[in-house]
Amino acid sequence: MIDKIVNRMGFLRKLPKSLAKPLFNIFIFIDEVFWKLRMKFFMFFLSRGSSISSVLSQLENNGYAVFNQYYDEDQIDQIKRECTKLLDVLPEKEIRSKEKIDNLILENGLVIEKLKESIKIKKLDKFNNFFKNIAKNSKIKIISKVYQLTSGPLLVYNLVHDGAYKHPATFTSRGGKMIAGQPHIDMSTHSLRCALALDDIHEDNGPTVVFKKSMNMKRFKKNHTNIFLETFGFKIGDESGHNLDNKDIDYLENNSEKVKVVCKKGDLILIDLKTAHYQSILNKGQRHILWYYC
Ligand SMILES: [Fe+2]
């Protein structure tokens, strides 16, 4: 929420960096204080054993959480069916022939992003009532409201595969590994991104890797400030912002637990975007995820 408000303050671009920087630090501080208060307040009133309370507590402590069995087997099978059906409404030839596509807007309202064997189909919540209802699910709305004061997530279906997934819109003759993501931090303020596992996510099919508790590390406070600075067009010189440099990565390797977030089909993974994380390589198989951009 604070992030959205700050991003509308266009005048910040015109300030000297020496003035903008402390202002960004104040915004980050305000976000931190009110986020902590909200978390404490709601966890006090929610019953200790409740799933939402457990998720909020994991997020607060570790920067990520797993909500076990967010949907049951039948529901998740139905969601996966509806997601894979989306591949049938894509312009096959165009999608298949290009290795990289940046936000191609289709007439039906869907938006496509593709990088090799990874395809994202966006704006599902605007596409039909099935996905509209999935986006309205009350548990994620409550968590999102508490966490960042906003709700109404955008839904994105993401299929990543090793070349073996057979569909006219995705088939490629080329197998091989996916590109690994660079370790990074996405946001300056507490914000959520959630991934609903439509299949089991295990070591081999590209789990997200998070550096546990990294969002609270003193070292990365500068990154949170720099992300705001970069967003508003300020130069940050040799310092790291979104993307972490080798020194940061070495620091994390030595001071944080690196967790491959594996989970079962139907589980929901939640990540605070102030946490350092990256997408690991898919070695084999396929990974189907419904992302919630909260
Ligand atoms: Fe990310």
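Whatever comes next refers back to the structure up there.
Residues numbered from 1 in each chain as written. Predicted model: local features only at pLDDT ≥ 70, side-chain atom pairs only at ≥ 80, totals over all residues.

Student: Explain the overall build of the protein chain here, please?
Tutor: Each helix and strand counted, the protein chain has nine helices and eleven strands in total. Rg of the C-alpha trace for the protein chain: 20 Å, near the compact-globule value of 19 Å for 294 residues, within the 12% margin. Viewed in the frame of its principal axes, the protein chain has a C-alpha envelope of about 55 × 45 × 40 Å. Per-residue burial for the protein chain yields a buried fraction of 38% across its 294 residues. (Helix = DSSP H or I, 4+ residues; strand = E, 2+ residues; numbered from the N terminus. Rg over C-alpha atoms; globule rule 2.2 N^0.38 Å. Buried ≥ 20, exposed ≤ 12 C-beta atoms within 10 Å, placed from the backbone.)

Student: For this particular structure, what's the right way to read the nonpolar core?
Tutor: General note: in soluble globular proteins, nonpolar side chains tend to be found buried as a group. In terms of nonpolar packing, the biggest core is built from 68 residues, with C194, L196, I269 and L270 touching the most fellow members. Residue contacts for L196: discarding those within four places in its chain leaves Y70, L268, I289 and L290. (Core = buried A, V, L, I, M, F, W, Y, C linked by C-beta atoms within 7 Å. Contact = placed C-beta atoms within 7 Å.)

Student: It is not clear to me how helix α3 (residues 51-62) should be interpreted in this structure. Could you clarify?
Tutor: Note on helix geometry: an α-helix contains 3.6 residues per turn, so any two residues three or four positions apart are oriented the same way. Spanning twelve residues, α3 covers 16 Å between terminal C-alpha atoms, matching the ideal 16 Å at 1.5 Å per step. Taken together, the buried positions of α3 are occupied by V55, L56, L59 and N62. The buried residues of α3 all sit within an arc of 165° when viewed along its axis, so they share a single face. Turning to α3, the residues buried within the fold contact α2 (17-45), β1 (64-67), α7 (138-148) and β9 (268-272). Just beyond α3, the residue with positive phi is G63, at close to 90°. (Expected span 1.5 Å × (residues − 1). Arc of directions from axis to C-beta.)

Student: Teacher, can you tell me more about unusual backbone geometry here?
Tutor: Most peptide bonds adopt trans geometry, and most residues besides glycine take a negative phi value. With a phi angle near 70°, L149 is a residue other than glycine that sits in the positive phi range. Tracing the sequence through the fold places L149 in the loop between α7 and β5 (154-161). For K213, which is not glycine, the phi torsion reads 65° and is therefore positive. Here K213 falls in the partly exposed class, since 16 other C-beta atoms lie within 10 Å of it.

Student: Would you explain the sheet that holds strand β8 (residues 258-260) in this entry?
Tutor: Strands in a sheet are paired, the pairing made by backbone hydrogen bonds, and the direction either parallel or antiparallel. Within the open sheet, the three strands sit side by side as β8-β7-β10. Their pairing is antiparallel. Both outer strands of the open sheet, β8 and β10 (277-279), are each paired with one neighbouring strand and no more. For this sheet, the mean inter-axis angle between neighbouring strands, taken without regard to orientation, is 20°. Across three bridges, the pairing between strand β7 (residues 208-211) and β10 is antiparallel. Bridge assignment links T208 to a residue of β10, and that residue is Q279. (Pairing = 2+ DSSP bridges. Axes fitted to C-alpha atoms, helices over the stretch in contact; angles between N-to-C directions.)

Student: Help me understand the pairing of strand β6 (residues 192-197) in this model?
Tutor: Where a strand is regular, its side chains alternate between the two sheet faces. Where burial is concerned, most of β6 is hidden: six out of the six residues are buried. Both faces of β6 are covered, namely the face carrying L192, C194 and L196 and the face carrying R193, A195 and A197. In this sheet, β9 lies alongside β6 in antiparallel orientation, the contact comprising five bridges. Paired with L196 across the two strands is L268, which belongs to β9.

Student: Which parts of the structure should I look at to understand the packing of α3 against α7?
Tutor: Packed helix pairs are specified by the crossing angle of their axes together with the interaxial distance, meaning the distance between the axes. Across the interface, α3 lies against α7 with an axial gap of 11 Å and an inter-helix angle of 40°. Between α3 and α7, the angle is such that the two are oblique. Crossing geometry of α3 relative to α7 is assigned as right-handed. Contacts between α3 and α7 involve I52, V55 and L56 from the former and K139, I142, I143 and V146 from the latter. Class assignment for the residues of the contact of α3 with α7 results in six nonpolar, no polar and one charged. (Parallel < 35°, antiparallel > 145°, perpendicular 65-115°, else oblique. Left-handed = near helix turned anticlockwise from the far one by under 90°. Nonpolar A, V, L, I, M, F, W, Y, C, P; charged D, E, K, R; others polar.)

Student: Whenever I open this one, the sheet that holds β1 confuses me. Can you help?
Tutor: The strand order across the open sheet formed by eight strands is β1-β9-β6-β11-β5-β4-β3-β2, and the pairing between neighbours is antiparallel. Edge positions in the sheet fall to β1 and β2 (100-105), since each of these pairs with one other strand and no more. Between one strand axis and the next, the sheet turns through 15° on average, direction left out of account. One ladder, built from eight bridges, connects β5 with strand β11 (residues 286-293); its direction is antiparallel.

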